[in-house]
Structure formats: structure tokens, C-alpha cells
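So the chains spell out like this:
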Amino acid sequence: MNQLMEWIDAYDVICFDLFDTLLTRQIYDAEAVFDIVGERAMCQGIAIENYREKRKEALISNTVRNPTIYEIYKRFQEITGITDQQRNILLDLEIQTEKDVLIQRKTVVDCFSYAVSQGKRVFFVSDMYLPAAVIDNILKEKDICGYEGMYISCDYRQLKYEGLFERVVRDVGHRKILHVGDHIEYDGYWSARYGVDHYHVRDMMDMISHSTWFCLGNKVQDLSLNDQLLLGKVSAAVFQDPFTLPVRSVRPVLDSAYGIGYCLFAPVVTHFMVWMNEQLKEMDVDGILFGARDGYLFEKLYQIMKKMGIASKDVPDLYFLTSRVACISACTSSEEDIRKAVRGMLDANPIQVLRDIFNVSKEQLPVCKQEQDQEWIQFLIEQQPLIHACSARFHQNYLTYMDRQGISKKKKYAFFDLASQGTCQHYLSAYFGLNLSGLYFWKRIIPTNYVFEEAKKGCYESEIPEDDARFIMAKYLYLEAILTDPNIPSLQCFTKDGEPVYGKEQRTADEIKLIQEVQQGIIDFFSEYSSTMWMPHISMGKDTADLVFSLMENARTCINHPVWKQLHVIDDLKSGQRVPVDL
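Residues numbered from 1 in each chain as written. Predicted model: local features only at pLDDT ≥ 70, side-chain atom pairs only at ≥ 80, totals over all residues. Heavy atoms only, no water.

*Asks:* Please provide a residue-by-residue account of the packing of helix H1 (residues 2–9) against helix H6 (residues 106–117), values included.
*Replies:* Between H1 and H6, the shortest axis-to-axis distance is 10 Å and the interhelical angle comes to 25°. Relative to H6, H1 is oriented roughly parallel. Between H1 and H6 lies a crossing whose hand is right-handed. Side by side, H1 and H6 meet where Leu4, Met5, Ile8 and Asp9 of the first sit next to Asp110, Cys111, Tyr114 and Ala115 of the second. Of the residues assigned to the contact of H1 with H6, the class counts are 6 nonpolar, no polar and 2 charged. (Axes fitted to C-alpha atoms, helices over the stretch in contact; angles between N-to-C directions. Helix = DSSP H or I, 4+ residues; strand = E, 2+ residues; numbered from the N terminus. Parallel < 35°, antiparallel > 145°, perpendicular 65-115°, else oblique. Left-handed = near helix turned anticlockwise from the far one by under 90°. Contact = heavy atoms within 4.5 Å. Nonpolar A, V, L, I, M, F, W, Y, C, P; charged D, E, K, R; others polar.)

*Asks:* Describe the environment of Met273, with residues and values.
*Replies:* By the element assignment, Met273 lies in helix H14 (residues 257–281). Judged by its relative accessible area of 0%, Met273 falls in the buried class. The spacing of Met273 and Phe526 is 253 residues in sequence and 9.3 Å in space, taken between C-alpha atoms. Apart from residues lying up to four places away in sequence, Met273 is in contact with Phe298, Leu301, Tyr302, Met305 and Phe526. (Buried < 20%, exposed > 50% of the residue type's maximum accessible area, 1.4 Å probe, protein only.)

*Asks:* How would you sum up the sheet that holds strand E5 (residues 149–152)? Please name residues and give values.
*Replies:* Strand order in the open sheet made by the 5 strands is E5-E4-E1-E6-E7, with parallel pairing throughout. The sheet is open, and its two borders are formed by E5 and strand E7 (197–200), each paired with just one other strand. Strand after strand, the sheet turns through a mean of 25° between neighbouring axes, direction not considered. One ladder, built from 4 bridges, connects strand E6 (residues 177–181) with E7; its direction is parallel. Bridge pairing in E7 links Val180 to Tyr199. Packing against the sheet, helix H10 (residues 184–192) makes contact with E6 and E7, and its axis sits at approximately 155° to E7. (Pairing = 2+ DSSP bridges.)

*Asks:* Before we move on, can you summarise the pairing of strand E14 (residues 491–494) with the specific residues and values?
*Replies:* The side chains of a regular strand alternate between the sheet's two faces. As defined by bridge partners, E14 adjoins strand E15 (residues 500–502) across 3 bridges and the pair is classed as antiparallel. In the sheet register, Cys493 faces E15, and the bridge partner there is Val501.

*Asks:* Tell me about the packing of H14 against helix H24 (residues 509–532), residues and numbers included.
*Replies:* Close contact between H14 and H24 brings their axes to 7 Å; oriented N to C, the two are set at 55°. For the element pair H14 / H24, the angle class is oblique. The hand of the H14/H24 crossing is right-handed. Facing H14, whose interface residues are Ala257, Tyr258, Gly261, Tyr262, Phe265, Ala266, Pro267, Val269, Thr270 and Met273, H24 presents Leu514, Glu517, Val518, Gln520, Gly521, Ile522, Asp524, Phe525, Phe526, Glu528 and Tyr529. Grouping the amino acids of the contact of H14 with H24 by side-chain chemistry returns 14 nonpolar, 4 polar and 3 charged.

Here's what the structure looks like:
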């Protein structure tokens, strides 16, 4: 970037190519714009088979040399037999689609702004069928202004190799001219033919093909359009800056928590939200309970879907406070309940279990005089009267909270949790009588003596992560650490007034800040993708989300954030134990 600015200082006139230089499309294939237009047209009742091919034919077979988009759609109308009104709708759809998929290459735009600020004469030179009037409108929308004029091939009926640069030279006079562009031949060779110097800026696809993300290129053609657009949006964000990936480097760098969320976590979450919404459409429920703390972000995203009209506004949703500890401590009275609560624990300190799982107060804790051969579980069973007395109180307090939230046993609810065997759903259903159907990101199937039979579905389902070959499962602890409420520690219980009582916050301030910034990146990606690119009638695949998530591997991406390797998850059934995610 600094080098380009130094070059700018040495010239009188600066020309910029537009597409793939100053702006980039968030797609792998520029012609995918035609696919998007075709799908959007279908949603408006204009169904044209093989839209992309017919749109290309309208350009190639056009009798006008270097036609404008208006002339292209006049020919398109001749090919397809559409009405004047339909032609105008399709034309407007294509222009809007270009606006939707185009983003700034910010550092190149900064260099453009620098040239303007230095009093240079600045022009755009582009081979494009969008005339200057349309491009000017797009540039204003992208906050790019201050240029003197533009030379667009369709306006002058000349491509760069047909003499467009000659016209630039003739118009500006004998001055030192620099052209900034991505194409070696059209921007480089043909500018040099007319005495214009060239500064090469690498485009997104060139950067990808020479990076450790090259694997994406081979996958795109086999994906659905939604998945292609998802990959394109991620790639455009990572490779937006042509100055961040020198030729000698092969790994792109993510050094902000926001970027980590936007580029690596958001596609996974976006795919799940689409899956969950499809499941909800088939369910007869009166509401959706997003269980704390993992439901915090997902409830926010669901609200966004409702505002966009993607999800039903008629089904209320609630961020519902719950936790394994809060449920267990409010639902344990018998010996069987005690054994169920500590299932899977190989060894434990019984006093610690009484305090941290059954919420027995410090004043009520018994003195543990275990003989060496006495099992710790047996000691807990002997405390059954104490546990039951505490549980009865916590149970009533939890009911008070539910009443305050308007939760009724007479209603049916969908219940969300991130990665679970269904512990909270089981206790809420079996002991509180709620009618819940679980929707989990990962439904864990763990063989134990206590099988939770409640209705539930998982976007991913397996016994242990290793049973699923997907990278998402191998690294699911990252999801546990990131996709959680940054504002509250784990819930312990409720007061008699139904107010929550939380445990001690075990996460560091730096970890919480990282979580907040990653989640903001997820929210922004999800909002942008859902509103401008995603099409509800086209499928999305798990493999695409997994592919993007796998790019967090150190061999693929350099995640250069000081807190990233310090992330931990908190185990609320183990006294808030901090478990490193990078196992």
C-alpha cells in the first residue's frame, strides 16, 4: 500500500481499473451474478430456464459492438420472448445484484483517496457493460467519490485492447500516467502499448490460488448456489486487501477477533440457523426457548431472521435461563436422582458435589468422615434428605421464574441447546412437565444407564466427536467457548422471587472481549448474507460449513490474535473447571 502511494506521488494522472481492483465481487465467478438474477427473477414469477447461458448469449450475439446492459437486455428479450415489463425487471435485478455482491477493496480505495487528496487527476478505466451513469451510482453507494471522470468500454465502444487507453492519453495530454489494475494483459500490456505505466494489484482469485486456501477453488463448482455465495463472501473478506498477502507468503492472516468470527465461525452458524428454521417450519410449537447460555447469540440471530421475514413472526421466542446445575439441583430427591445426576463421574469430592451441583449452602454442608473403603457416591446417597430439602426449594423458585416468563405446561416449545445429550431438556420435561422438542447443533449420543428419550434433533449427531469425520466435531470446543453468552456466568439457581443466581465468572476479561468481538463478526456476516445473498429455496450443505471451519487449521490460516490460544470452556459440573479448547 505504501509502495503504491509512493508511485502515485510520481505521476500526474492516476487511472484505476474498477472491478477486481477497486471493487471486488463476493463471488468466485463473475457470471454467478447471472445465476443470482435468474433465481431472484423466479421468485418474482419470471422463470427462464438456463438464465446464465441466455444472458451470455445476449452479449455474445449482440449486433452492437461493446453493448451496454440496456442493449444486452434488448437482445435478451429477443432471445427469450419476455415482455417489456419483464425485461425492465430483470435489468433492474441485475444492477441491484451487482450492488449487493460488490464491496470495496478498502486499501486500494485508500490509495485512490490518497491520489485525490494529493491533487492528482484521477480517472477510472474499465471494460464493462454497465455505463458510467450506472457505475457512478454504484460508486456513490460504496462511498467512492472525487474522481474526475471514467472511461467505460460500453460508453466508448472500445475495450482496453481496442484503444481505450489511447483515448485516455489523448484526452489528458502528454502527462505521466499510471494505471492501477489487476489484469496482467488488459491492464498491464495494453496500457504499456500506449505509454501508460502499470501498477499490478492482485485480484481475489489470484490471491486464493497462490495461498493455502487454494483448496476452495476445486470445491465451488460442485456446490449449491447458496454455498458458492457463502464461500465467495468469506473469501472476499479474507482476500479483500491485496497488500496483505505478499508473493512469498502462502497463509492468509486473521489478526482480529471480529475477522475470526466473520470468516470462520459465521458460515457454520449461518448454516445451522437455516437448518433450524427449516426444522421449525415442520414443528407445531407455541414458542421457542433458547437455553442459556448457548442460546444467547442464536436468539439474536433468530430475531434478525424474523425481522427479515425469513422466520415466522407468529412464534414467540425467549432467551431462557437454564443450566445443568440449575436443573439438577431443582430436580433431585431420590437415590435414583442422585445417581443420575453424577452419572459419568469416575471420581469426585462429595462435599464439592454437594456444594457445586446440588447447591447445598456452606452452612448446611455435612462433615465428610469417609472411611477409606466407603464410596463417595454412597456418601452422597446418605445426604438424600438434605439434597431433597434443598431441591424442593430450588424447584419452587424455578417455577416462579417460569411463571414470570409466561411459560406454560399447556404449551409446546422448541428448545435450543448447542451441544448436549439433552440433560436440561430431560429435567425440564420430566420434572417440570414442559412439553419440549429439542433442536441441537450437536446432539450427543452417549451410552449410559440413563437414556434421555425426549424428542430431539441434531444438525450433527454422534456419540463422540471422533465418530464424525467433520472438522466441526473435532474442534467443537471452540464453538462451546465462543458461542456462549459473554455477559453472564453459568446459572446456579433462582431465588424465591425467581431472580437468577449465577456462579463465579471463570473467564478472563480478555476472553470475554474476544467472545464479544467474534460474535459481532458472526452477526454482521449473518445479517449481510441473509439480506443480500441467501435464497430460501436453495439448499445449503454441512460440508461447506465444515470446509470453511477447517480453514482455522494453523497450516491453512495464521490466526494472529493474542488471546486465541488462551481460550477455555467452563465445565459447570466440575466446579467451574477451565478446560483449554486447543486440546
